[in-house]
Amino acid sequence: ALRFAFVELLFKFADRNGDGLINKRELILALKAHPELCEALGLPTHVIRQEDGSRDAFEAVFSAIDDSEDRVIQPAEFDAYLATRSPASHNACKAATVKILFRLADGDNSGQITLAEITRVASAHPELCDVLGLDGARGGGAAASLREAMGRAFASMDVDGDGTLDYFEFERAV
């Protein structure tokens, strides 16, 4: 279930228009925005270019994921592809998700996450509640219950008690 939460978040990051499918353009844009996603998919971690062979690698991976050959990636295809990769792909998937979530939460680029920042991200990405083990906080519950649950989780994650989470505190919690 936890692996699926990471996969679900990665899919959501790539599904730029929110239609539940990923086309080639969306995936290329997601790879540019989130280089960590390249690692999870086994692609080079630089911009996809025709002249250096990275476009061919991208096309091969996209085709491998798109089992139905309908030129879009569905959530089940994305999950199946990541599940068939090496055991290290789960670690790459988790690492990519953690890095992307931290970067999204750190809205002011301070290198620290506040309770308000992480609550904002959890509102936009309820899968974060699953990743953090916040049963009952996901699924359209009241904003107050999310803030309350996130406040408890935040307090336990904030190891040094400074009122913020650095990357290592966040990574350890996830």
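Up top you'll find the structure we're talking about.
Residues numbered from 1 in each chain as written. Predicted model: local features only at pLDDT ≥ 70, side-chain atom pairs only at ≥ 80, totals over all residues. Heavy atoms only, no water.

Examining the nonpolar core
Now for step 1: Core analysis: the largest hydrophobic core is formed by 52 residues, its most contacted members being Leu27, Leu41, Phe78, Ile118 and Phe170.
Now for step 2: At eight residues, helix α1 (residues 2-14) tops the list of elements feeding residues into this core.
Now for step 3: Excluding anything up to four places from it in sequence, Phe170 contacts Val98, Leu101, Phe102, Ile113, Ile118, Leu128 and Leu165. (Core = buried A, V, L, I, M, F, W, Y, C linked by side-chain atoms within 4.5 Å. Buried < 20%, exposed > 50% of the residue type's maximum accessible area, 1.4 Å probe, protein only. Helix = DSSP H or I, 4+ residues; strand = E, 2+ residues; numbered from the N terminus. Contact = heavy atoms within 4.5 Å.)

Some details on the packing of aromatic side chains
Now for step 1: Applying the stated criterion to the full structure yields five aromatic pairs.
Now for step 2: Seen in terms of ring centroids, Phe58 and Phe62 are 6.0 Å apart; in terms of plane orientation they differ by 40°. Their pairing is tilted. Of this pair, Phe58 and Phe62 both sit in helix α4 (residues 54-65), four residues apart, which is roughly one turn of the helix.
Now for step 3: On the accessibility criterion, Phe62 (2% relative accessible area) is buried.
Now for step 4: Ring plane angle 80° and centroid distance 5.8 Å describe the contact between Tyr167 and Phe168, whose orientation is recorded as edge-to-face.
Now for step 5: An aromatic cluster is built from Phe102, Tyr167, Phe168 and Phe170, whose rings are joined through pairwise contacts. (Phe/Tyr/Trp six-rings, centres within 6.5 Å; stacked < 30°, edge-to-face > 60°.)

Overview of unusual backbone geometry
Now for step 1: We note that Glu69 has phi near 55°; this positive angle belongs to a residue other than glycine.
Now for step 2: Here Glu69 is to be found in the loop between α4 and α5 (75-84).
Now for step 3: At Arg71, a position not held by glycine, the phi torsion is positive, near 70°.

Quick look at α4
Now for step 1: Given a rise of 1.5 Å per residue, 12 residues ought to cover 16 Å, and the 16 Å separating the end C-alpha atoms of α4 matches this to within 8%.
Now for step 2: The complete set of buried residues in α4 reads Ser54, Phe58, Val61, Phe62 and Ile65. The arc enclosing the buried residues of α4, seen along the axis, measures out at 100°, which places them on a common side. (Expected span 1.5 Å × (residues − 1). Arc of directions from axis to C-beta.)

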